[in-house]
Amino acid sequence: MAGRIDAKLRKLDIDLPTPMAPIANYVPATITGTLVVISGQLPAIDGKVAFTGKVPTNLTIEQGAAATRQSFINVLVHLKAACNGDLDRVKRVVRLGGFVACPPDFTQHATVMNGASDLAVAIFGEAGRHARTTIGVPSLPLDAAVEVEGMFEIG
Amino acid sequence: MAGRIDAKLRKLDIDLPTPMAPIANYVPATITGTLVVISGQLPAIDGKVAFTGKVPTNLTIEQGAAATRQSFINVLVHLKAACNGDLDRVKRVVRLGGFVACPPDFTQHATVMNGASDLAVAIFGEAGRHARTTIGVPSLPLDAAVEVEGMFEIG
Amino acid sequence: MAGRIDAKLRKLDIDLPTPMAPIANYVPATITGTLVVISGQLPAIDGKVAFTGKVPTNLTIEQGAAATRQSFINVLVHLKAACNGDLDRVKRVVRLGGFVACPPDFTQHATVMNGASDLAVAIFGEAGRHARTTIGVPSLPLDAAVEVEGMFEIG
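These lines cover the structure that appears in this document, whether it is placed above or below. (Residues numbered from 1 in each chain as written. Chains lettered and ligands numbered in written order. Predicted model: local features only at pLDDT ≥ 70, side-chain atom pairs only at ≥ 80, totals over all residues.)

**A closer look at the pairing of strand β6 (residues 131-137) of chain A**
All names here are of chain A. Judged by how many residues are buried, β6 sits mostly within the fold: seven of seven residues are covered. Here β6 shows a buried face lined by Ala131, Thr133, Ile135 and Val137 and a second buried face lined by Arg132, Thr134 and Gly136. What joins strand β5 (residues 90-101) to β6 is helix α3 (residues 109-124), and the crossover it makes is right-handed. (Buried ≥ 20, exposed ≤ 12 C-beta atoms within 10 Å, placed from the backbone. Helix = DSSP H or I, 4+ residues; strand = E, 2+ residues; numbered from the N terminus. Right-handed = clockwise from strand over helix to strand, strands pointing away.)

Printed below as a string of structure tokens:
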């Protein structure tokens, strides 16, 4: 049963890149007791923000969902490092926070955030079902379209 | 002493509805150790968002406070379910997060969020006094005027 | 070694004022287990918000960073009170949340939030390296330019 979650990632064709080194006085993950707290992740690919602008002005809702999915992949990268490489230690996705850059008249934040939530459940199954808060924001670092943070229980 | 909090709710004329089934790959509440994390709740009544638009453009500050109060009632619905129906198990309201849909020149977010905070203390007494973060947002899911999330310690 | 963090604060010429009494039905800090949760702090000095308006419209990015630094000092004030005056009990800065009041085209939120993060590491060293989420917001309570919240592990 070892590598159960790694096998699931392979099945989903998701390749977790090596985490980038921290570029400021904060870190991508902290551990306190059995909780892992992951810093807000942008939808970056190969170290570059891949989804910029506002939803739905510059990106469709589907692209916004792809962006939260990518942000969650980056959450996983740092979660795996926090687990010393063993994602099977994850007991529960406790909470995801989702931030969507959008104008005042946008209403479909939940659909955008489903990109992250659906991937969490695809990977972790029942243990991937999480509490979640999704809100709109006027702007995010580096003009990112979305940002996703996470809290996890590990064993 | 059993049903102490239920008695308080009756005294305040607050009837907690049956929680709605989750409609996506996230859940209204997760438990990790002695912590319960409740997903961001909209000011819904009977499954429909009852307070929409921006404060103070479309709603008065008083209506905004009524909206955070309603969101907190929805937090309680899911907290009660997480406690297997026994709200007396709540040891502490640890944190509330409040989000107010408003324009850039709004300044009275705290008064809006007091609708939730005042109800927390009315119900839980000293144990209801919580840490809190309140911010403005351009928009929320389904055009909700406010959103409230919570973290609780249970025994 | 007693007063290690107090000595560091003196070296940095930071004088923690006496915390203000809570003005509403919430409190600046709650403790659950080994976690301390600090309410969102505005960049106030002597009980008055010292940095108002939007970044970069009304404040430079450097002023924004000074504002998050001031907010973090206010976080420390309440953290110290939660530790019964002994900041040496802080084992880890677990998470900081940073909120920057700004227009939709702002992109340098991270630089603004570094004012808080850099101070955390200057004071707590390696234990000060934290998980962090930084987002833009249209407005904050009392027209504050920034707001910072925190979660800490204490022993």
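**Side note on the interface of chain C and chain A**
Each partner contributes to the interface: chain C provides 29 residues, whereas chain A provides 24 residues. Contributions of two or more residues to the side of chain C that touches chain A are made by β5 (90-101), α3 (109-124) and β6 (131-137) of chain C. Grouping the constituent residues of the side of chain C that touches chain A by class yields 13 nonpolar, nine polar and seven charged. (Contact = placed C-beta atoms within 7 Å. Nonpolar A, V, L, I, M, F, W, Y, C, P; charged D, E, K, R; others polar.)

**Some words on the relation of the copies chain C and chain B**
Of the two same-sequence chains, chain C is brought onto chain B (RMSD 0.0 Å, axial shift 0.0 Å) by a rotation of 120°. Read as a symmetry element, the transformation amounts to a three-fold axis. Measuring from the rotation axis to each C-alpha of chain C, the shortest distance belongs to C:Val137, at 3.2 Å. A different interface surface on each copy is seen, since only 8% of the contact residues of chain C are contact residues in chain B too. (Least-squares fit on C-alpha atoms with pLDDT ≥ 70 in both.)

**Here's the deal with the relation of the copies chain C and chain A**
After a rotation of 120° and a shift along the axis of 0.0 Å, chain C superposes on chain A with an RMSD of 0.0 Å. Each copy contacts the other with its own distinct surface, as only 7% of the interface residues of chain C are interface residues in chain A too.

**Notes on the sheet that holds β6(A)**
All names here are of chain A. Here we have five strands laid out as an open sheet, ordered β1-β2-β7-β5-β6, and mixed in their pairing. Strands with a single pairing partner mark the edges of an open sheet, and in this sheet they are β1 (29-32) and β6. Across the sheet, the mean angle separating the axes of adjacent strands is 15° when strand polarity is ignored. Direction of pairing for β5 relative to strand β7 (residues 146-154): antiparallel, over a ladder of nine bridges. (Pairing = 2+ DSSP bridges. Axes fitted to C-alpha atoms, helices over the stretch in contact; angles between N-to-C directions.)

**Here's the deal with the environment of A:Pro138**
Examined against the element boundaries, A:Pro138 turns out to sit in the loop between β6 and β7. Once you skip the residues sitting within four places of it in the chain, A:Pro138 turns out to touch B:Pro138, C:Cys102, C:Pro103, C:Pro104, C:Gly136, C:Val137 and C:Pro138.

**Brief notes about the pairing of strand β7 (residues 146-154) of chain C**
Residue and element names in this part refer to chain C. Counting buried positions along β7 gives eight out of nine residues, so the element sits mostly inside the fold. Of the strand pairs in this sheet, strand β2 (residues 35-41) and β7 are connected by five bridges, and their pairing is antiparallel. By the bridge assignment, Leu35 is partnered in β7 with Glu153.

**Overview of helix α3 (residues 109-124) of chain B**
Given 3.6 residues per turn, any residue in an α-helix points the same way as the ones three and four places further on. All names here are of chain B. The first and last C-alpha atoms of α3 sit 23 Å apart over 16 residues, in line with the 22 Å expected at 1.5 Å per residue. Of all the bends in α3, the largest measures some 35° and sits at Gly115. Taken together, the buried positions of α3 are His109, Val112, Met113, Asn114, Gly115, Ala116, Ser117, Leu119, Ala120, Ile123 and Phe124. Buried residues belonging to α3 abut α1 (4-11), α2 (61-82), β5 (90-101), β6 (131-137) and β7 (146-154). Just past α3, the residue Gly125 takes up positive phi, approximately 65°. (Expected span 1.5 Å × (residues − 1). Bend = angle between axes of the 7 residues up to and from the residue.)

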